[in-house]
Each structure stands twice: as C-alpha cells, then as structure tokens.
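Residue-level structure breakdown
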Amino acid sequence: MRVKLTLLAGACAGAIAFPAYAQNAADDKDDGTEIIVTAQRSNQRLQDVPIAVSAFNTEALEKQQIKNTSDLQLTLPNVTFTKTNFTSASFTIRGIGDLCVGVTCDSATAIHLNDAPLFGTRLFEGEFYDLTQVEVLRGPQGTLFGRNATSGVVNFRTARPDLSGMSASADAEYGNYNGIKFKGMVNAPLSDAIGVRLSGFYLNRDGYTKNLYDNSKIDDRDMYGLRGSLRFEPGTGTTIDLMAQYFHERDARMRIQKQLCQRDPTGVLGCLSGGRPYETTNSNTTFVGVLTSKEFFATQGLPTSLALGSIYGPDIYTGVVNPADVRTVNTDYKPSYYTQEWIVQGSIDQELGSGLSLKVSGNYQKVDLDSQQDYNLSVANRSVYATGLNTLAALAAGAGAPALPGAVLSPVASKLIPNGPNGVLCTSLAEETGTGVFGGHAMCSSSPQDFDRSNQYQTSWSAEAILSSKWDGPFNFLLGGIYSKLHLKENSYYIDSFGIDYFTGVVGALSSGGAGYLGTPTYRNNSDDMVVKSYGIFGEAYYQFNDQLKLTLGLRYNNDDKQLSARTTLASFLVPFGSTNAYASPFISGYDADAGLAGNQPFQVRRVKFSEWTGRAVLDYQITPDNLLYFSYSRGYKSGGINPPLSPVFSVPEGFKPEFVDAFEMGSKNTFGKVQLNLTGFYYKYKDLQLSRIVARTSVNDNVSANIWGLEAEAIIRATPELTLNMNASYLNAKVSEDKFLANPRDFGGGRADSVIIKDITNGANCAVAPNTAGNAAGSNGFVNQVNTIINAGLAAPLKAGAGLQPTTAFPANGGIKSTGAFGVCAVLSALAPTLGASFGGVTVYSSGITSNIKNNKLPGAPDYKFSAGVQYAAPLSGDMTLTPRADFIYTGKSFGNIFNGTVNEIPSFTQVNAQLQLDGPDKKWYARAWVQNLFNKDSITGLYVTDQSSGNYTNIFTLEPRRYGITAGVKF
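So, here's what we can say about the structure. (Residues numbered from 1 in each chain as written. Predicted model: local features only at pLDDT ≥ 70, side-chain atom pairs only at ≥ 80, totals over all residues. Heavy atoms only, no water.)

Turning next to the environment of Val-661. Mapping Val-661 onto the fold places it in strand β34 (residues 659-672). Considering only alpha carbons, one finds Val-661 and Lys-638, 23 residues apart in sequence, at a separation of 9.1 Å. Other than its neighbours up to four places away in sequence, Val-661 contacts Pro-140, Thr-150, Ser-634, Arg-635, Gly-636, Tyr-684, Lys-685 and Tyr-686. (Helix = DSSP H or I, 4+ residues; strand = E, 2+ residues; numbered from the N terminus. Contact = heavy atoms within 4.5 Å.)

Take a look at the structure:
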C-alpha cells in the first residue's frame, strides 16, 4: 500500500470533489491521497483531528461549485452565511454569528487568511481563486489561533510558490447575465531556493435585478483580485513566505435585495406584523413624515400651509407599487458600491533543532468601503408635496399669507427648488462637511430622493509567534502569542432625504429669522475614530498516554482595549447659510454628543478594557487506526464593546458586556471500508450572548443567555472507484435560556390589547401607554384621547386648519397588532400621566415600549435542520479522458431573522440544486465544464433586517443568487 501524505492534497484520485476528508489508509486498493489539515497548527490527517472541522481543497471547491463564501455555507452542517444591512456579513456556526452589530463588535466567527486574523475583510465580496484549501472549524477557538472566537474559525489558505518546477493555469467562464470570469496562475522557481507565484481573477456580469423606473439592470458585478507570493528557502529548516493581495470592486451591487412590508393604513407603525407582502411602508410614520406634517407645524406655531402633508392624509408612497418579484424593483436612485482591500503577509518558519520549531508571522490589512442605495427602493409621489412647495415658493418671493419677509425663506427655496415648485427637487449628498444641499452638495431630480450611504476606512496589523515541539516522547506543546492593532479612521451611516432637507431648511430658517438651517440636514451616525489594541497568549500541551489515548490541555489569556470617538447628528444645531463646514458652526456649542458628561461635548468618547482566561481540554481515543472517539470541553470568550451614540431623545445602554460560552462536544470519526462517517454532538451554554436590535436608525446591542445543542453527521460513500456520494445532515436547537424582557420595535404595545401605541410627531419614535389595571383598555385610550384634545386646544386658531390630533384607532384585524394606535407627543403624555392619568384609573407611559419576555425564542440565523447530498460518476473515456456528471442537493430549514421570532420574522426553508458535466483531458491538463447553479431558480432568503419605527418598520431581505448557468474551460501546464 502506498499512501502519500501531501499538504493540501486532492480528496480522491480523479473522483472526489467533496469536503476534503481523508481516505481509508487501510485500504490497499486505494492509491489516492490523504487530506492534511492544519486545524491544530500542525499537519495532520483530517480524520485524526479531534475537532469538528470540514475542509475543501481546490478540486472540491470547483466540483461543488463553491465560487464564493455564500456558496460555501450550503454544504456545511450547522453553518449559514448572509449579507447584512450595513455592508457587512454574518458567518454563523451552530447558531452563533455576528448577532452584534457595530464598529466595536468582535466577530463571533474568526476569519483567517493563512492563519492570520482579518478585520472587516472584504473576502466575502470576492471570488475564490488559487486557494489550496478552506478549513471551517466549528466550536469556540482560542488556544490555537491568534484571534479568539466563540462560534468557530474559517481559514482560507492561498497557494504558495512551488520550487520544484514551472507551472501555470488559466480558466475562462461565460454564463447568463453576460457573466464573464477569468482566473489565472503562473508559478516560477527563480532558483533552487526562491520561487514566485502570481494569480488573479476578473469578474464582470450584468445585474440580477430589473429596475422598472428606467428599465435598467442593477446589482451587477465588476471586480478583480490579484495576488503575488514569494517563497525563499535559504537553508535546511528555514522557509520565508511573503504575500501581497489586492481586491477591487466598483459596480451597482445592491446591499438590500428587496424590501417587504404589510402596509399600515393608520400610519402609526408604517408596516404591520401580520406578514411580509410586497407593499411599501406608510411614510407618514417616518421621521420625515411627522416632522413635515401640518400637525407638527401647528404644534410649533409654524404656518401649516408650509407643511408637506398631513399624517392623516395620503403619503408619498400611496399607490406606489412594489413589484411582486424579488428580482424586480422600482427605484429612481441607482445604487453604487466601491471597495478595495490590501493584505500583505510575511512569515518565517524555522526549525530550531531538538524537535523545536518557531514560526513568526505578520499581517497588514487596509480596507476602504463606500456604498449608497435607495433605502426605500421606491419612487415617491411628489404630488403629495405640491401645497407645501407652492407655499414655500410664494413666501420666499415675499407673497402669500401669512406674509413673511422673502429673505427668511429665499435661501431655502433657492437650494431645494431652484427652478420653482414644479421644477427639480434637490437633495443633500451624503458628504463629510455636513452642509449638504445648503452648502452646494446636492443632487437634483424630478422626484423626491431618499437614499443612504455606508462607508468605512480602516487599517490593521498583527504579529504572531508560535513555538512548537515535535518530540518522540509522550509530551509535546505549542506556545503562541499575538498582538494586533485596528485603527478605524472613518465609519459613517448617512440617511439623505428631500423631506429632511425641507424640514431642516424651513424650520431652521423660520426659527432663526432666516439666519440658517438646522444641521446636519443629513442623518449621520459617525464613528470618527476608533483604536482597538489586543494581545493574547495561548498554548496547548499534549500528552500521549499510549498509542491510542491522548490528552490535550489548552489555555489562553486575552486582553482588549477599545477606544471610540463617535456622534450622531440630525437637525441638532443651527448652521448659518453660506457655511462650508456645519461642524464649525458657532451654534454647535449648544450640541451635546455625550449626555453622560457635564457640559456640551462635540463627540462621545468612550474607552473600555476587557481581559479573560479561557481554555479547552480534549481526550481522544484512537479505537482503531480508522476509528477515533473524542470528548472536549472549551471555554469561549468574545470581548464587549461600546454602543453607538443616539440622538439625545433616545436612551440605550452605553455599552455591552463580553459573551462567554461553555462548550461540550463528543465526536467520532470513522472509516468503514468504502464508507467514511463522522458524527458529532454538542451542548453550548452561553452567558451574555451579544444581540443587536435597531433603535433610532442605529443598531445597539444587548446581552442575553442562551442554550444551544445539536447533532451533525458527515458521510462519504465510495461505492466504486468511479461512483462517489457525499452527504451531511445537522440538527440545531438554539434558544434564549433566561427571562429577558425587550420591546419589539414591530409591536411597542407588547402584544397587549389594552395598550395604545403612540407615534410621536416630534421625532418619529414610538412610545406606548398602558393602564395600571390590566384590561382597562378604555382607560388607556381615554387618557390618550384627552391628552390629544388638550394639545389641540393649545393650538392657535389660525394654525389649526384641520391640523389637530385625532383619537385612537384600531389596526387592521390581520395586522398582528392587538393594541390601538394614535399620533401624539410622548413627552406630553409622560408629563400628564401622574395627574390626568389618575382620572382614567392610572396609566403608565413606556417611552421604550412595553417589553415582552423572549425566553425560549430561537436565536436568529439558526435553522433547525440542514441536509445536503452530492453524487458524481467519473466515467473513463478513450484517450485517457474522463467524463464526470455531478449533482448536488441542498436543504436548509426554517429559521428567524431576529430574536423576536414570529411569522413576520421567519426565514422560510429553502432548497437548491446544482449540477454540472465536466470533461477532463489526459492527465487533467485541460477541462471543459457545463454547469448550472440554483437549477429551479429559487429566491432563497438567507437573512433579514427590520428597520426602526422612524424609518417605517419595513423588512430588508438578503437572498442567494438566482439561477446561473454557463460553460467553463481551463488548461494547466
């Protein structure tokens, strides 16, 4: 029997293209190769590693059509992947992914490139090319890898220069959507000791999504990646590797695939909770809708004729059609997406003698990201604004009633409607000066615009050293240390809207006598500067009791230091007309970004430090050379962080605590003749799991405890040398384990029929009113109605003009909301509750909503069942050629998009079928392949995001790609 142990080798001679499992070393008829992984930082047969790890080699990635990270999730048990709302992504392993959202959040799943940790990487955007292996470790990690993680590690390994000879390869692909892709590699030894390797890819295709507005295609791709590697072996036992990688994308990629909503006709909630039909939110509920309404203008003593509409009248999305197709939208704003990433790595591997080796490595990373998109994916109806625009033009010209000096509003009108009320409407650009349209930074169009921008610029570096032993005796060890530093120079999320510009311009000018506008006219949540310093010391000791039994003990100390300077601005202070920088306004001194400190602060500055000891213990027993049994316990840890600052009217905790997991696992890896079967069972006990929710257009994070358990099975059946089948299946139960009370942004009434949900017309937020005596719905409704009557009575008679607040109203019966609703002013309700509320049996005003217990709710992104199966037959042909048909079936069970669960947050189960037919030439020097992905063109949802109340409570969804098919050909020499 000859068994060749080769690092990153193919899975089976000419046939296997599955997750890379080792072949049966005891089968003397099998002359293939074994898969070697480095999951424990040394070269080992995958079947000998007492960790739940899956590996894909180059051939496996190609044959299973794993072209990017989204494809990778489909064939892994208890693993999911989805893009998320703010240009990020979540790789979820065993129910734990990036549930924490924010710049100070650590990743639950650590992403590594050649063992080096990456921060905010854009690997998720690009295509796989010239990789030798992808390893996915499931379970907490920290004693082996430089960056600790609570859910697992995904480690991408790039191909290194081969000093044994010259080689090259080239691949070309053409598919539907006019998709073209090229990949290539050149490997050249420059001498016996030095070699270089150059590789790259280019992808260009048309958009997946049709835009009915201009009949264009959006969500296209235009990207490329380049990589250069150098290997130097100056002497025996010394290896030096250098690598530089660059990725670039500039196209019309959509961050949000589609927006769904059960429209709320009352306008109090925007979208209801009964389902997710293809409708649009009621914009009367939004920040813009309430603050440009005549009802709000009346409460502020402003001319109601200047308002853009009424909260009780038609809104700008009335009658707007949301096409009932995931791949069809109607938007007047073309998305844009730009990102680039530099990664530079270097390492020295040195044999020290006496069985010791030392590896020292460094990693530098630079990421730029900028994305803009219509955040409502619709075209607003400007006719709703006609009365307000006509009044603005008239008053700016010094005419109309009530008469105002033209100079007060003329600077506003000249910027917003430069060609009059029937001409173009100008909207602020998302830009850094904060002056927007009033500073000349504008886009003008025939319809009111509303779009967002998410950008980020950061650099990071890390240095790591690992000393390990390879002694012949029973004891060995690994000892490592790492230091990393991340510097986030800019991270902002902007929301721009014509309605915001109108409000900040008109209200600012009227309140200041024409001196200026309210700044910023753009919502901007800005992390201006962040530095994260982290170091860890980790190691493992191994004791081999005998040929079968081994004990592993690991320990890690981790230290994190995070400092963040941030602020949120929106109509926060007066800015004089003509200013070139809103943040230099003389009136910004009245703005306070940090309510936690005395005085007015331009930024909220916070610093937090965390440190913790973690570890693991593993006992593995090699029953036979082909059967391994192991038991493990590991303690996982992820540091806490700082919540982003909100507008002063909102209150959330300033920070969030670290999360911990106690993970117990039992596994068995087996080869029975032609069948390979791996089984795993696990139980996790999470404490203070970090969990995100949306408040005031910003994600903030809470902590909650959870219990997770599950089962995994992976199998390969090699029925004949030509026929191979692979299967995996998993079950997952991931639930909140403690009593935790949170307010559901979709239902601030907490599911109570006796409560009233209030839409605050002064800020677009919600609050709720409930009786002190349960069931007294008449009391809570009567109190709200009486307060609204008092507010109406306080309005000046000329300003009322039908602008009073109306009584409470019921939501539609199928809307999933038991409470009634009303527009009102939460601050007034709170002020009158202790006195006037007593007349109605006593009431309480819940400014943050009525909470409900989420205990036993399922964690987001944790499907209960997953199953996949693949089959291929490598049929030998004359001339030493091979024809291999292959098909893959994937099933992912139902899950939920957020912690509140319910039908409206459900992510349905989905299936996908891929197939291909490949012809390989002699010695695999060339190949031709016909392929199809997502054969039945399923619109599979991988994740969702629920916006906050002031944005409309709509749901953004993220999907897999539609059906793709094409041909690929390649050569090797």
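Ranked by size, the top nonpolar core spans 87 residues in total, and within it Leu-409 and Phe-783 carry the most contacts. For this core, the leading source of residues is helix α7 (residues 498-512), giving eight residues. Ignoring sequence-local partners within four residues, the contact set of Leu-409 consists of Leu-306, Leu-392, Leu-395, Ala-396, Leu-404, Val-506, Ala-509 and Leu-510. Counting 24 residues, the second largest nonpolar core, distinct from the first, contains Ala-60, Leu-131, Val-154 and Met-243. (Core = buried A, V, L, I, M, F, W, Y, C linked by side-chain atoms within 4.5 Å. Buried < 20%, exposed > 50% of the residue type's maximum accessible area, 1.4 Å probe, protein only.)

Under the criterion given, the structure shown has 32 aromatic pairs. Aromatic side chains Tyr-517 and Phe-577 sit 5.7 Å apart centroid to centroid with 45 degrees between the ring planes, which places their arrangement in the tilted category. Placement of the pair is Tyr-517 in strand β26 (residues 516-519) and Phe-577 in the loop between β29 (573-576) and β30 (604-624), with a sequence separation of 60 residues. Members of the aromatic cluster, connected to one another through ring pairs, are Phe-287, Phe-296, Phe-297 and Phe-503. (Phe/Tyr/Trp six-rings, centres within 6.5 Å; stacked < 30°, edge-to-face > 60°.)

Looking now at the state of the cysteines. Enumeration according to the criterion identifies three disulfides in this entry. In this model Cys-767 forms its disulfide with Cys-826; the gap between the sulfur atoms is 2.2 Å. Looking along the S-S bond of the Cys-767-Cys-826 disulfide, the torsion reads about -95 degrees, which is the left-handed sense. With Cys-767 in strand β40 (residues 766-771) and Cys-826 in helix α10 (residues 826-832), the pair connects residues that are 59 residues apart, well separated along the chain. Residue class for Cys-767 comes out buried when judged on its relative accessible area of 0%. (Disulfide = S-S within 2.5 Å.)

On to a nonpolar patch on the surface. On the surface, Trp-342, Val-344, Tyr-364, Trp-461, Leu-479, Tyr-483, Tyr-535 and Ile-537 cluster together into a nonpolar patch covering about 730 Å² of accessible area. Where the nonpolar patch is concerned, the elements lending two or more residues are β20 (336-353), β25 (475-497) and β27 (523-544). With respect to the secondary-structure elements, Tyr-364 resides in strand β21 (residues 356-373). (Patch = residues over 30% accessible without salt bridge, like charges linked within 9 Å, V, L, I, M, F, W, Y side chains within 5 Å. Areas by Shrake-Rupley, 256 points an atom, 1.4 Å probe, with all protein chains shown as cover. Salt bridge = Lys/Arg side-chain N within 4 Å of Asp/Glu carboxyl O.)

Turning our eyes to something else, we now look at α7. Given a rise of 1.5 Å per residue, 15 residues ought to cover 21 Å, and the 21 Å separating the end C-alpha atoms of α7 matches this to within 8%. Most of α7 is tucked away: 13 of the 15 residues are buried. Where α7 starts, the residue carrying a side-chain oxygen 3.1 Å from the main-chain nitrogen of Gly-499 turns out to be Ser-497. Positioned one or two residues after α7, Gly-513 has a phi angle of 65 degrees, which is positive. (Expected span 1.5 Å × (residues − 1). Polar contact = N/O pair within 3.5 Å; in protein donor to acceptor, adjacent residues only side chain to side chain.)

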